[in-house]
Amino acid sequence: MKKPRKRLLVVTAAVAATLLVASCSYGSGDPSRSQASGGAQDGNVSFATTTPNWILPVSAPGKTQGENAMFTQLIYPALFSYKLDAKNEFNIDERHSVAKPPTVSDDSLTYTITLKDRTWSDGVKLTTRDMEFWWNIVTNNTDKWASYRKGQFPDNVKAFKIIDDKAFTITTTEKYNPAWFINNQLNRLVPMPAHAWSKTSDSDKPGEKDRTPAGAKAIFKYLSAASEDLQNYDTNKLWKTTLGPFQLGKYTPNGKAKLVASPSYDGEDKASISSFTMQPYTSDDAEFNILRSGSIDYGFIPPNSMTQQKYIEKQGYTVKPWYGWSITYMPFNFNNPKSGPIFAQKYIRQAMQHLIDQEGISKIIWNRTASPTCGPVPQQPGTAGSSKGCAYDYNPAKAEKLLKDHGWNVTKDGITTCQQAGEGEGQCGKGIKQGAKLSFTVISQSGFTSTTHMFAELKSSFSNVGINLEIREVPDSVAESQACKPNDTNCKWDLSFFGSQSSWYYPVYASGERLFQSGGPVNLGSYSDKKADELIDASMRSNDRAALKTYNDYLAEDLPVLWMPNSVNRVSAWKSNIQGIDPQDPMLYLYPQDWTIR
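Draft legend 1. Representation of the packing of aromatic side chains. In this structure the tally under the stated criterion is 29 aromatic pairs. Seen from their ring centres, Y233 and Y251 are 4.7 Å apart, and the 45° between their planes marks the pair as tilted. Taken together, the positions of Y233 in the loop between α5 (213–228) and β6 (246–251) and Y251 in strand β6 put the pair 18 residues apart, joining distant regions of the chain. Note on accessibility: Y233 and Y251 belong to one class, buried. Aromatic side chains Y298 and W574 sit 5.8 Å apart centroid to centroid with 70° between the ring planes, which places their arrangement in the edge-to-face category. Taken as a pair, Y298 in strand β9 (residues 298–301) and W574 in strand β22 (residues 570–575) lie far apart in primary sequence, 276 residues in all. Comparing Y298 with W574 shows no difference in burial state: the two are buried. Through a chain of ring-to-ring contacts, the aromatic side chains of Y111, W134, W135, W145, F153, F160, F168, Y176, W180 and F181 assemble into a single cluster. We note R292 situated over the ring of Y311; from NZ or CZ to the ring centre the distance is 4.3 Å.

In structure tokens, the structure reads:
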């Protein structure tokens, strides 16, 4: 959501991410603290992003934002890193991975994983005990893990078996497409230091408590509380034991997060720069003012400021779009007691999609830094994209006809109401009362000028058929629009947008079990469709690439969400004396350990 982006996961999430889950946004930081001078010459590189607020490498609900994945990955790297263009069979990025590429048994049920010879920052060797510790913590706390979905990892694992200090196996309950299982399930594995973290309090002595369910729950509660304690991030001894190329140096809640190169790091990708600072800004315009002054090393040009690209380049910056393996969308809240029955009518969703001029918005408001989203499987990163081939074009006349044909009194520049209640032909549909209004509140992201302008355009377009949109901007729209239980009277949101830098960044295999399958962990709108579930299942199990296309085509037409213009993650601008940034990772990970200063 990995925007939610989890991996945007969790989120992704979820990854995310899963990856996904989830969406990267520039959050609230004190602008007086944000005016840090560009320090690439002294070995520090400053990077414009939201302040991360979760350090534990087990994703938590509401914490699947992209900046958290970036932050955690540099300190506690996942077992595997991935590249879309990797030459090996499963797109494993071997240089950045903590383990060697997995081997798959002939029956495609057992995956053997061998750890590299690595050492924790305190001198203790990495072993399979650290993977067992992660396994125990996650499997006993799935109800608090943002990446969990019932029936999938770890429910789909029949056996987790330690072979020796370096090797372990995972055997699945049934046969899966190995590409899906390795890219979308094993991507969640993260070594955690059992020798330092297997305890239930600061004063407790680390041991083997994680080997009992009660102990694993108590440990996770303790670690989660520490991860919530932002004020003590840079002093807490827990976070001093690391495996990544960077360690946390200085952290200010809602301010800077400075990572310093780990002096004891023994991986292949040891950092060349001395430190990496994640620098927040109150808005994209505030960040751009600092970029113009040359006081940030790696920033971005907002879409509304693209006319100043040449000026930025003359200031000594390299400017390139950061394309993502991503889609952008706006969820309907199908569980909202009031608006949910309205959104359940497919013709309503179709009418609303026909009112979104994706091409025009991409070209004019996003200044050609966005392109239409046609469905759940993204176009290749860098593809220009158009609405040609999309299931729905921009067509207000079709939208108006759909509403009138289903019993609505269309009132242009007013509010359209249900005139013919009922479930028959020419009537509004099940659960929609006489006089029901097409008036909805949209929770959107604050701090993005182009997003604000886009919703002003959408509000105007929707008003042409009497659909009223009230736009409420908040700093974190993901956190304010979590999935609701059916008919929960406290569930107030109607529509949510968190796609100012794309909504969801996929792992390599762009399947939809986390986003659109019933009960998916990042299915914020609670979309549920039996056929969609079946097609998603097929894409997870079949080696036939057509299965993914069939899933895409069905959801593109069924509209589990509103498809929105997919912006590039950012139009990046970095000081030209910094080498190794390009190409930027389409799955939204950063590898500052690979950067050098010329």
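Draft legend 2. Broad picture of the sheet that holds strand β5 (residues 167–172). Sheet architecture is open: four strands sit in the order β2-β3-β5-β4, paired in antiparallel fashion. Each end of this open sheet is capped by a strand with a single partner; those strands are β2 (103–104) and β4 (157–162). The pairing of strand β3 (residues 110–114) with β5 spans five bridges and is classified as antiparallel. The residue of β5 that forms the bridge with T110 is T171. Contacts from helix α2 (residues 128–139) reach β4 and β5 within the one sheet, and its direction differs from that of β4 by about 150°.

Draft legend 3. Highlighting the side chain of Q517. Relative to the helices and strands, Q517 resides in the loop between β19 (504–505) and α13 (530–541). If sequence neighbours within four positions are ignored, Q517 has contacts with R149, Q152, G512, N523, Y527, D533, I536, D537 and M540.

Draft legend 4. Representation of the state of the cysteines in the model. Counted according to the given criterion, the structure contains three disulfides. Linked covalently through their sulfurs, C418 and C428 form a disulfide whose S-S length is 2.1 Å. Note on the C418 and C428 pair: the S-S dihedral is about 110°, so by sign convention the disulfide is right-handed. In this pair, C418 sits in strand β15 (residues 417–418) while C428 sits in the loop between β15 and β16 (439–445), placing the two residues 10 residues apart along the sequence. Note on accessibility: C418 and C428 belong to one class, buried. The disulfide that involves C484 links it to C491, with 2.1 Å between the sulfurs. Across the disulfide from C484 to C491, rotation about the S-S bond amounts to roughly 80°, and the bridge is consequently right-handed.

Draft legend 5. Main features of the pattern of salt bridges. Scanning all chains against the criterion turns up 29 salt bridges. A salt bridge links R541 to E174, with the shortest nitrogen-to-oxygen separation between them at 2.9 Å. Of the two residues, R541 is situated in helix α13 and E174 in the loop between β5 and α3 (178–184); the sequence distance between them amounts to 367 residues. Accessibility expressed as a relative area gives 30% for R541, which makes it partly exposed. Of the charged contacts, one joins E557 and K346 as a salt bridge, the two residues approaching to 2.6 Å between their closest N and O atoms. Of this pair, E557 sits in helix α14 (residues 546–558) while K346 sits in helix α9 (residues 346–354), placing them 211 residues apart in sequence. Overlapping salt bridges, with partners in common, bring together R129, E132, E208, D210 and R211 in one network.

Draft legend 6. Region of the structure containing the sheet that holds β16. In space, the three strands of this open sheet follow the order β17-β16-β18, with parallel pairing throughout. Unpaired on one side and paired on the other, β17 (468–474) and β18 (495–496) mark the two borders of the sheet. By the bridge criterion, seven bridges tie β16 to β17 in an arrangement that is parallel. Bridged to T441 within β17 is E470.

Draft legend 7. Representation of the nonpolar core within the structure. Residues L186 and F516 are the most contacted members of the largest nonpolar core, which totals 143 residues. Contact partners of F516, with chain neighbours within four places excluded, come to I327, P376, Y506, N523, Y527, D533, I536, Y551, L555, P560, V561 and W563. Counting residues in each nonpolar core, the second largest holds 15 residues, with A48, L291, I296 and A573 among its members.

Draft legend 8. The arrangement of the packing of α9 against helix α11 (residues 396–405) in detail. Running from N to C, α9 and α11 point in directions that differ by 160°, and their axes come no closer than 8 Å. The orientation of α9 relative to α11 falls into the category roughly antiparallel. Here α9 runs over α11; the crossing is left-handed. Residues Y347, I348, Q350, A351 and H354 of α9 pack against P396, K398, A399, L402 and L403 of α11. Considering only residue class, the contact of α9 with α11 consists of seven nonpolar, two polar and one charged.

Draft legend 9. Local environment of unusual backbone geometry. The linkage connecting F153 with the following residue, P154, adopts the cis geometry, with an omega of 5°. Going from D582 to P583, the amide bond is cis rather than trans, its omega being 5°. Within the fold, P583 resides in the loop between β23 (578–579) and β24 (596–597). You will see that S526, though not glycine, has its phi angle at about 60°, which is positive. Inspection of the secondary structure assignment puts S526 in the loop between β19 and α13. In this structure, L559 takes a positive phi of about 60° despite not being glycine. Tracing the sequence through the fold places L559 in the loop between α14 and β20 (561–563). Given the relative accessible area of 0%, L559 is considered buried.

Conventions we followed
Residues numbered from 1 in each chain as written. Predicted model: local features only at pLDDT ≥ 70, side-chain atom pairs only at ≥ 80, totals over all residues. Heavy atoms only, no water. Phe/Tyr/Trp six-rings, centres within 6.5 Å; stacked < 30°, edge-to-face > 60°. Helix = DSSP H or I, 4+ residues; strand = E, 2+ residues; numbered from the N terminus. Buried < 20%, exposed > 50% of the residue type's maximum accessible area, 1.4 Å probe, protein only. Lys NZ or Arg CZ within 6 Å of the ring centre and 35° of its normal. Pairing = 2+ DSSP bridges. Contact = heavy atoms within 4.5 Å. Axes fitted to C-alpha atoms, helices over the stretch in contact; angles between N-to-C directions. Disulfide = S-S within 2.5 Å. Salt bridge = Lys/Arg side-chain N within 4 Å of Asp/Glu carboxyl O. Core = buried A, V, L, I, M, F, W, Y, C linked by side-chain atoms within 4.5 Å. Parallel < 35°, antiparallel > 145°, perpendicular 65-115°, else oblique. Left-handed = near helix turned anticlockwise from the far one by under 90°. Nonpolar A, V, L, I, M, F, W, Y, C, P; charged D, E, K, R; others polar.

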